[in-house]
Amino acid sequence: AEAELIRAQRFESLAMLAGGLSHDLRNLLQPLLLAGDSLQDYQDDPRLARLGSLVRDCGRRGLQMVQSMLSFARGARRAEQVRVGALMDALGLLLRGSVPRAVKMDVEVDDRELAFEGNHTELQQALLNLCLNAIQAMGEDGGQLRVVARECELAADFFLPGEQPHPGRFLCLTVADTGPGMSPEVREHLFEPFFTTKESGTGLGLLSCKRIVASHNGVMRLDSEPGKGTVFNLYIPIEEPAAEVVAQEEQGESLMG
Ligand code: ADP
């Protein structure tokens with residue numbers, strides 16, 4: 001219970017940090033967006049117009065990230081229809097320019113039209129974190145980065161103790177790299193705030209990834225060994241639990257007082 005408390009406290013300070021930072025960043029980005037808008041008015045100078053749309057697009061993306069950091073801090077979340085195709089396209093766009101020549105990136109999407117309730121920006125952020133980690137882990141030698149989105153069915157026995165089992169249809173998002181993999185020590189501390197093995201790492205990437213998956217009622221699996229590369233699987237439920245399951249759970253709750 002004490003460890004639980006310490007963890008909760010850490011989350012609390014992390015949330016405060018994120019909240020304060022996002023607030024300041026938002027105030028900084030808004031005038032930038034306006035500036036981008038007015039630059040776009042100079043239509044007869046194509047260079048200025050291009051600059052304008054660049055400034056505006058980056059500003060807007062920054063604002064979206066800040067927004068998701070703010071909602072992380074508040075613990076609130078906007079639910080919307082997330083489309084798998086759009087999610088993967090957005091990831092590709094964000095990664096463009098960050099994939100070194102030595103890294104071969106493969107994206108595989110089963111069903112682009114698959115849609116489910118969730119938060120696009122958050123999931124995009126989670127995938128981006130995993131991909132950037134993978135690219136960094138592979139380093140100069142490069143390797144293969146594989147991103148896969150497919151539908152799957154999970155049975156009750158898939159879930160670990162402590163997780164709420166909810167068998168059914170899931171979207172499985174896989175990010176796999178052929179990097180060095182992780183030692184048991186690294187694996188043990190992976191999700192702790194500020195745990196990093198990088199000189200300029202934040203140690204917040206995987207934690208926020210985990211939070212995002214949890215806020216989608218999903219679960220996350222990691223398969224990583226030294227010399228064998230790393231595979232992250234995010235399982236996001238894509239349908240409401242069947243009415244009878246909900247009824248059973250509610251009954252269970254009332255029985256427990
Ligand atoms: P950061 O990237 O800022 O260090 P993260 O929470 O994203 O923070 O990652 C924590 C640590 O987990 C990293 O410093 C690294 O040691 C390890 N790690 C994460 N992803 C991978 C990966 N794909 N391969 C090997 N190690 C990884």
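Each remark here, short or long, concerns the structure printed above.
Right, let's walk through the structure included here.

Rules of the game
For every chain, the first residue of the written sequence is number 1, and numbering continues from 1 along that sequence. For this predicted model, a pLDDT threshold of at least 70 governs which residues receive local features, and a threshold of 80 or more governs which side-chain atom pairs are given and counted, while totals over whole chains, interfaces and linings are taken from all residues. Each axis is a line fitted through C-alpha atoms, and for a helix only the stretch in contact is used; angles between axes span 0 to 180 degrees, taken between their N-to-C directions. For helices the rule is a DSSP run of H or I covering at least 4 residues; for strands it is a run of E covering at least 2, with both sets numbered from the N terminus onward. Every angle not falling under 35 degrees, over 145, or within 65 to 115 is termed oblique; those three ranges are roughly parallel, roughly antiparallel and roughly perpendicular. Helix crossings are classified by the rotation of the near helix relative to the far one: an anticlockwise turn of less than a right angle makes the crossing left-handed, while a clockwise turn makes it right-handed. Contact between two residues is assigned when their C-beta atoms, built from the backbone, lie within 7 Å. Three classes are used: nonpolar for Ala, Val, Leu, Ile, Met, Phe, Trp, Tyr, Cys and Pro, charged for Asp, Glu, Lys and Arg, and polar for all others, with Gly counted as polar. Residues are classed as near a molecule or strand if the C-beta position derived from their backbone is within 6 Å of it. Strand pairing is assigned whenever DSSP detects at least two bridges linking the two strands. The exposure label follows from counting other C-beta atoms within 10 Å of a residue's C-beta, where the C-beta atoms are placed from the backbone and the thresholds are 20 or more for buried and 12 or fewer for exposed, leaving partly exposed in between. The term nonpolar core refers to a group of buried residues, namely Ala, Val, Leu, Ile, Met, Phe, Trp, Tyr and Cys, whose C-beta atoms join them within 7 Å.

### Considering the packing of helix α3 (residues 84-95) against helix α4 (residues 120-138)
(1) Moving on: Where α3 meets α4, the closest approach of the two axes is 10 Å, and the angle between their N-to-C directions is 50°. Classified by the angle between their axes, α3 and α4 sit oblique to one another. Here α3 runs over α4; the crossing is right-handed. Counting all contacts with α3, which are made through A86, L87, A90, L91, L94 and L95, the residues of α4 involved are H120, L123, Q124, L127, L128 and C131.
(2) Moving on: Of the residues belonging to the contact of α3 with α4, the class tally is ten nonpolar, two polar and no charged.

### A closer look at the site of the ligand
(1) Moving on: Taken together, the neighbourhood of the ligand is formed by 21 residues, with N133, A137, T196, G201 and G205 sitting nearest.
(2) Moving on: When residues of the shell around the ligand are traced back to their parent elements, those giving at least two are α4 and α6 (205-215).
(3) Moving on: Of the residues forming the shell around the ligand, the biggest block, four residues, is contributed by α4.
(4) Moving on: A per-class count over the shell around the ligand returns nine nonpolar, ten polar and two charged.

### Focus on the sheet that holds strand β4 (residues 143-154)
(1) Moving on: Strands sit in the order β2-β4-β5-β7-β6 across an open sheet of five strands; the sheet is mixed. Looking at strand neighbours, the two that pair on one side only are β2 (103-109) and β6 (219-224), the edges of this open sheet. Ignoring which end each strand starts from, the neighbouring axes of this sheet average 15° apart.
(2) Moving on: Both β2 and β4 contribute to a ladder of seven bridges, which runs parallel. The residue bridging E108 from the neighbouring strand is V148, located in β4.

### Here's the deal with unusual backbone geometry
(1) Moving on: Phi is positive for F194, close to 70°, though the residue is something other than glycine.
(2) Moving on: Relative to the helices and strands, F194 resides in the loop between α5 (184-189) and α6.
(3) Moving on: For F194, a count of 12 C-beta atoms within 10 Å corresponds to the exposed category.
(4) Moving on: Within the chain, N217 stands out as a residue other than glycine whose phi angle is a positive 60°.
(5) Moving on: Of note, N217 is situated in the loop between α6 and β6.

### Things to note about the nonpolar core
(1) Moving on: Counting 35 residues, the largest nonpolar core has A126, L127, L130, C131, A134, V175 and L234 as its most contacted members.
(2) Moving on: When residues of this core are traced back to their parent elements, those giving at least two are α3, α4, β4, β5 (168-177), α6, β6 and β7 (230-237).
(3) Moving on: Per-element accounting of this core gives the leading share, nine residues, to α4.

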